[in-house]
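Chain residues, written in single-letter form:
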Amino acid sequence: MSSCRKSPRVALDIFLNKFIEGTPFLCRSTDISAEGMYVGTLIEPTLDAANETEGGTVGLQFQLPGTEEVIYAEGEIIRSQQRKRAVGYGIKFTHLARRHQALIENYVRVRLAA
């Protein structure tokens, strides 16, 4: 996946909601960049469900550590990966409010400088 991203990513271990056809499912992120994030599944339908393949879209709802604002984003699945019994997705942000984009960019910048 590193070859897919144009901007640097940083570790981000949080729980978040991933919306599939309007239904929220709990998942866990591993990293984030200004362009997108990688999330692993916890509880959700199998890969056969709609929008769960590369090119499908999902909604995301999460908070960055140290912030109180809930970020809402829409993204395109650009990679799906099966690891043992877990499935993970590389998601590229496609719709994101400017203030949420700025929060993410600042979070990444601060973590890279640390």
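That block above? That's the structure.
So, a few notes on the structure that sits alongside this text. (Residues numbered from 1 in each chain as written. Predicted model: local features only at pLDDT ≥ 70, side-chain atom pairs only at ≥ 80, totals over all residues. Heavy atoms only, no water.)

**What to know about the environment of Ile104**
Here Ile104 lies in helix H1 (residues 98-113). A sequence separation of 71 residues divides Ile104 from Ser33, and the C-alpha atoms of the two residues are 7.3 Å apart. In this view, Ile104 contacts Ile32, Ser33, Ala34, Phe62, Leu64, Ile71, Phe93 and Leu96; residues no more than four positions away in its chain are not counted. (Helix = DSSP H or I, 4+ residues; strand = E, 2+ residues; numbered from the N terminus. Contact = heavy atoms within 4.5 Å.)

**Here we look at the pairing of strand S4 (residues 36-41)**
The element S4 is largely enclosed, with a buried count of 6 among its 6 residues. Going residue by residue along S4, you find Gly36, Tyr38 and Gly40 tucked away on one face and Met37, Val39 and Thr41 tucked away on the opposite face as well. Connecting strand S3 (residues 23-33) to the antiparallel partner S4 that follows it, the hairpin turn spans 2 residues. (Buried < 20%, exposed > 50% of the residue type's maximum accessible area, 1.4 Å probe, protein only. Pairing = 2+ DSSP bridges.)

**Concerning the pattern of salt bridges**
Using the criterion set out here, one finds 3 salt bridges in the structure. For Arg9, the salt bridge is made with Asp31, and the minimal N-O distance between the two is 3.6 Å. Pair noted here: Arg9 is in strand S1 (residues 9-11) and Asp31 is in strand S3, with a separation of 22 residues, a long-range link. Given a relative accessible area of 30%, Arg9 falls into the partly exposed group. Overall, the relative accessible area of 11% leaves Asp31 in the buried class. Ionic pairing is found between Arg28 and Asp13, a salt bridge with its closest N-O pair at 2.6 Å. One end of the pair, Arg28, is in strand S3; the other, Asp13, is in the loop between S1 and strand S2 (15-20), with 15 residues separating them in the sequence. Exposure remark for Arg28: the relative accessible area of 36% places this residue in the partly exposed category. The exposed category is assigned to Asp13, whose relative accessible area is 55%. (Salt bridge = Lys/Arg side-chain N within 4 Å of Asp/Glu carboxyl O.)

**Section: unusual backbone geometry**
Unusually for a residue other than glycine, Glu21 sits at a positive phi of about 50°. In this fold, Glu21 is placed in the loop between S2 and S3. Taking the relative accessible area as the measure of exposure, Glu21 reaches 59% and is therefore exposed.

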